[in-house]
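Residue strings, one per chain:
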Amino acid sequence: MNSSRVKPAMNPEADRAAAGAPMQGGAQGFSSLRRARLFRFTFEPRLKKSSFVVGWTKDTGAVSPLAADHLIKASGSNGFCQIEPADFYPVGGVGVIDDVARFPQSRFFYSERNPVVILRADEPQSNRYEFLNAVLDLAEHYGKTDLREPSQAEALYTINGIAAVTAHTTPRRVFAVFTDAATQRKLQERVPANANWQGPPHVSTYLLWLAGQRHLPGVSLWVEVPFYLSDYEDYPSVKAAVSLLSTMLGWDLDLGEMDRLAAEQNEKLARLEDDPQIAEKLRALEEGQSLDREEQMELIEAVGSVLKGSP
Amino acid sequence: MLCGWVGIGNVGLAAVSTLRRLLRAPEFGEIEPYEYFEPSRVVIRNGLIRQMRFPSTTFYSHRLPDRDLLLLVGEQQPADEGKAYEMASQVLDVAERLGCRRIYTAAASVTTIHHTARPRVWAVPNTPALLSEVRRYGNTILMSEVDNTNSDGLISGLNGVLLGVAKNRGIEAVCLMGEVPYYLQAAPWPYPKASISVLEVLGNILRLPLDLSELHEMAAKVEVNIEQTLDALATAEELPEQVRMEMERLRKGQPPDIGPITEQEKREILEHIDELFKGETGNES
């Protein structure tokens, strides 16, 4: 993958933004977006036929944020836009986590050379319909193959972890949900397992459904995370997500860092085998057996002790 | 137009839904849910989203000999006050466009009534000019006539907001609230008795004979369920003695004697009863 930095296209608005002035909308650019008032652009990239990747801040096994962060870093993406938070998050104060003030974020990054737009966002707490449609407005805007054409994004991708009754010693499976049968046919061979589910929809599924309503092709990728790693950063799952997504995007990413982090995690988890009873539970999971609630709690506790220090 | 939304005991929803079924009123439109509600359920099969379900707000119509009737059944109320106002405005846009001259909303009033008693219907019009009319409905009561209260009160949710927005637009509206025992307000089952009372009033207003046998059957079943639950709670000594005695007084039609206990204690008792009922199923109604 080319690692040279992206040089922004020349235009007065971009230069103004580069000099620190917020942009107010260009003649042919984002001001034409239906929900332009919801965006705060600092730079307007000129992209065509971009794919669009969504990563949420909170996720099972931290798959979504870590995969998005890795893609942003690896693709040399730069931030260019945010969604104004007031309509979608509580903004009456700031939360403090690990001694640092936190504020809701929904930041878009872009890479021209790939090309891709990546959203790294907290899940909206209210007006989700409006928020998700704003995201899709941007996906459509940068997915056009030609600015004069009303065509659509190359594809929308969401990434998530999903808790599963599996052992960390088994390969992480990835399930997919598609917007439509045509997209499914096009991408199926790369994601062999189709998801089945009935119940309340995750925000990624809601976004995917809205994309489908707008005839935007999209796929949600769901990576299995062993249930006892749900509250930790599960690097093998993150690697599975990044690896699959980079293949689908046609990127050749260096996954060395991911391999190192996954190996470190597995090394810590290998200590679980020192306890014969815990080892027996892991063997049961490897063989596809389930554990009762008490056994699950014992495993979670044991994992907590070996991953001490992990978030 | 008759409107019923989900709420305490599902009184309004059951009343208007039953009327719709009895009249076989066909659906003619709905309010798009996306701006108001979150999706409640998705069905994904073999990697494709087959269905995304949202709470519905559906309009139905029926032609009577002397008038046309619009019915609105809402599966959920917007959680946000601003959204509730927007929805009320949208409902009235439809009502005005179709020449609707009177709005009725159906809801519940929580009060000191025993579950074996026939619920009355509290009637609140949005203009003083309707006061004399609503007094004639039968089995109705005005706020000022309710025991231990004055003529002031609050109708929360869309049943109230709709009255207010209609008032601002000069459309007559009346809210009809069937009485629900205070100790059942958090119970996980419907309270069809109150829906029956509301429907009896509506049938009277519309001069419509209504066969409410289905609702009566359901009300009988619910009453048995309530008795069994209360007996079980009393046997398990989870029903405070004072509450049990108060219920007995209510059963005999006597005014509740909350005696020397303070308002704070009364609130705690009510909360305790709510908790007991919530514990029955682990769900709220």
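Computed from a predicted structure; not experimentally measured.

1. Here's the deal with the overall build of chain B
- Within chain B, the regular secondary structure consists of eight helices and 10 strands.
- With 285 residues in all, chain B has 38% of them scored as buried.
- Considering only intrachain contacts with a sequence separation of at least 6, the fraction spanning at least 24 residues in chain B is 70%.

2. Considering the overall build of chain A
- Check the secondary structure of chain A and you find nine helices and 12 strands.
- Looking at the 311 residues of chain A, the share that counts as buried comes to 43%.
- Across chain A, the fraction of contacts at a sequence separation of at least 24, relative to all contacts at a separation of at least 6, is 74%.

3. Let's talk about helix α1 (residues 11–23) of chain B
Residues and elements named next belong to chain B.
- Compared with the 18 Å implied by 1.5 Å per residue over 13 residues, the 18 Å span of α1 between its first and last C-alpha is a close match.
- Residues Val-11, Gly-12, Leu-13, Ala-14, Ala-15, Val-16, Thr-18, Leu-19 and Arg-20 constitute the buried set of α1.
- Where α1 terminates, the next one or two residues include Arg-24, which has phi positive at roughly 55°.

4. Structural notes on the sheet that holds strand β7 (residues 102–111) of chain B
Residue and element names in this part refer to chain B.
- The eight strands lie next to each other as β2-β5-β6-β1-β7-β10-β8-β9, forming an open sheet whose pairing is mixed. Both edges of this open sheet fall to β2 (27–30) and β9 (140–141), since each of them pairs with a single strand only.
- The sheet contact formed by strand β1 (residues 2–5) and β7 spans three bridges and is parallel. If you follow Leu-2 over to β7, its bridge partner there is Tyr-104.
- Strands in contact with helix α5 (residues 192–206) are β1, β7, β8 (121–125), β9 and β10 (172–181); relative to β10, the strand with the most contacts, it is inclined by about 150°.

5. Considering the nonpolar core
- Ranked by size, the top nonpolar core spans 83 residues in total, and within it Ala-67, Leu-221, Ala-241 and Leu-245 of chain A carry the most contacts.
- It is helix α3 (residues 128–143) of chain A that contributes the most residues to this core, eight residues altogether.
- Apart from the residues within four sequence positions on either side, Ala-241 of chain A is in contact with Val-63, Ala-67, Ile-159, Leu-221 and Val-223 of chain A.
- Of all hydrophobic cores here, the second largest spans 62 residues; its members include Cys-3, Val-91, Leu-162 and Leu-163 of chain B.

6. Observations concerning the packing of helix α2 (residues 81–97) of chain B against helix α4 (residues 158–168) of chain B
Residue and element names in this part refer to chain B.
- In the contact formed by α2 and α4, the axes pass within 9 Å of each other and the chain directions differ by 55°. Classified by the interaxial angle, the pair formed by α2 and α4 is oblique. Note on packing geometry: the crossing formed by α2 with α4 is right-handed. On the side of α2, the interface is formed by Ala-84, Tyr-85, Met-87, Ala-88, Ser-89, Val-91 and Leu-92, while α4 contributes Leu-158, Val-161, Leu-162, Val-165 and Ala-166.
- Considered class by class, the residues forming the contact of α2 with α4 number 11 nonpolar, one polar and no charged.

7. Examining the confidence of the model for chain A
All names here are of chain A.
- Predicted confidence across chain A gives a mean pLDDT of 85, with 86% of residues reaching 70 or more.
- Below a pLDDT of 50 lies the segment residues 1–28, which in the model reaches 38 contacts outside its immediate sequence neighbourhood of four places, other chains included.
- Note that pLDDT drops below 50 for residues 145–153; the model gives that stretch 19 contacts with residues more than four away or on any other chain.

8. With respect to the interface of chain B and chain A
- If you look at the interface, chain B gives 15 residues, while chain A gives 20 residues.
- Where the side of chain B that touches chain A is concerned, the elements lending two or more residues are β3 (41–45) and β4 (48–53) of chain B.
- Broken down by element, the side of chain B that touches chain A gets its largest block of residues, five residues, from β3 of chain B.
- Within the side of chain B that touches chain A, the residues separate by chemical class into eight nonpolar, three polar and four charged.
- Pairing of strand β11 (residues 197–199) of chain A with β3 of chain B involves three bridges; the strand directions are antiparallel. Residue pairing across strands places Trp-197 of chain A opposite Ile-44 of chain B, the latter belonging to β3 of chain B.

9. A look at the packing of α1 of chain B against α5 of chain B
Residues and elements named next belong to chain B.
- The geometry of α1 relative to α5 is characterised by a closest axis approach of 8 Å and an angle of 55° between their N-to-C directions. Put simply, α1 runs oblique to α5. Along this stretch, α1 crosses α5, giving a crossing that reads as right-handed. Along the contact surface, α1 presents Val-11, Ala-14, Ala-15, Thr-18 and Leu-19, while α5 presents Pro-192, Ala-194, Ser-195, Val-198, Leu-199 and Leu-202.
- Split into classes, the residues belonging to the contact of α1 with α5 amount to nine nonpolar, two polar and no charged.

10. Digging into the environment of Ala-173 of chain B
Residues and elements named next belong to chain B.
- For Ala-173, the position within the fold is in strand β10.
- Among the residues examined, Ala-173 registers 25 C-beta atoms within 10 Å and is labelled buried.
- As for Ala-173 and Gly-253, which are separated by 80 residues in sequence, their C-alpha atoms are 32 Å apart.
- What Ala-173 contacts, discounting residues up to four positions off in sequence, is Ile-103, Asn-126, Leu-162, Leu-163, Ala-166 and Lys-167.

11. A look at the pairing of strand β6 (residues 106–111) of chain A
Residues and elements named next belong to chain A.
- Burial analysis of β6 places five of its six residues in the buried class, the great majority of the element.
- Sheet analysis places strand β3 (residues 78–83) next to β6, joined by four bridges and oriented antiparallel. In the sheet register, Gly-79 faces β6, and the bridge partner there is Phe-109.
- In this structure, β6 lies alongside strand β7 (residues 116–121), joined through six bridges in antiparallel fashion. Paired with Arg-107 across the two strands is Arg-120, which belongs to β7.
- Hairpin connection from β6 to β7: four residues lie between these consecutive antiparallel strands.

12. With respect to the pairing of β3 of chain B
- Residues Val-42 and Ile-44 of chain B point to one face of β3 of chain B and are all buried, whereas Arg-41, Val-43 and Arg-45 of chain B, pointing to the other face, are not buried.
- In sequence, β3 of chain B turns back onto β4 of chain B through a hairpin of two residues, with Asn-46 of chain B there showing a positive phi of about 50°.

13. As for the confidence of the model for chain B
Residue and element names in this part refer to chain B.
- Per-residue confidence for chain B gives a mean pLDDT of 86; residues scoring 70 or more make up 87%.
- Long-range and interchain partners of residues 258–262, a stretch whose pLDDT sits below 50, account for three contacts in this model, where long-range means more than four residues apart.
- Segment residues 279–285 is flagged for pLDDT under 50; beyond a separation of four residues in sequence, or across chains, it makes 13 contacts in the model.
- Across the interface, the model reports ipTM at 0.81; the global pTM reads 0.81.

14. Some points on unusual backbone geometry
- Although it is not a glycine, Ala-62 of chain A adopts a positive phi angle of roughly 55°.
- Note that Ala-62 of chain A resides in the loop between β2 (51–56) and α2 (63–74).
- Even without being glycine, Asn-10 of chain B reaches a positive phi, approximately 45°.
- Here Asn-10 of chain B shows up in the loop between β1 and α1.

What counts, and at which threshold
- Residues numbered from 1 in each chain as written.
- Chains lettered and ligands numbered in written order.
- Predicted model: local features only at pLDDT ≥ 70, side-chain atom pairs only at ≥ 80, totals over all residues.
- Helix = DSSP H or I, 4+ residues; strand = E, 2+ residues; numbered from the N terminus.
- Buried ≥ 20, exposed ≤ 12 C-beta atoms within 10 Å, placed from the backbone.
- Contact = placed C-beta atoms within 7 Å.
- Expected span 1.5 Å × (residues − 1).
- Pairing = 2+ DSSP bridges.
- Axes fitted to C-alpha atoms, helices over the stretch in contact; angles between N-to-C directions.
- Core = buried A, V, L, I, M, F, W, Y, C linked by C-beta atoms within 7 Å.
- Parallel < 35°, antiparallel > 145°, perpendicular 65-115°, else oblique.
- Left-handed = near helix turned anticlockwise from the far one by under 90°.
- Nonpolar A, V, L, I, M, F, W, Y, C, P; charged D, E, K, R; others polar.
- pLDDT = per-residue confidence, 0-100.

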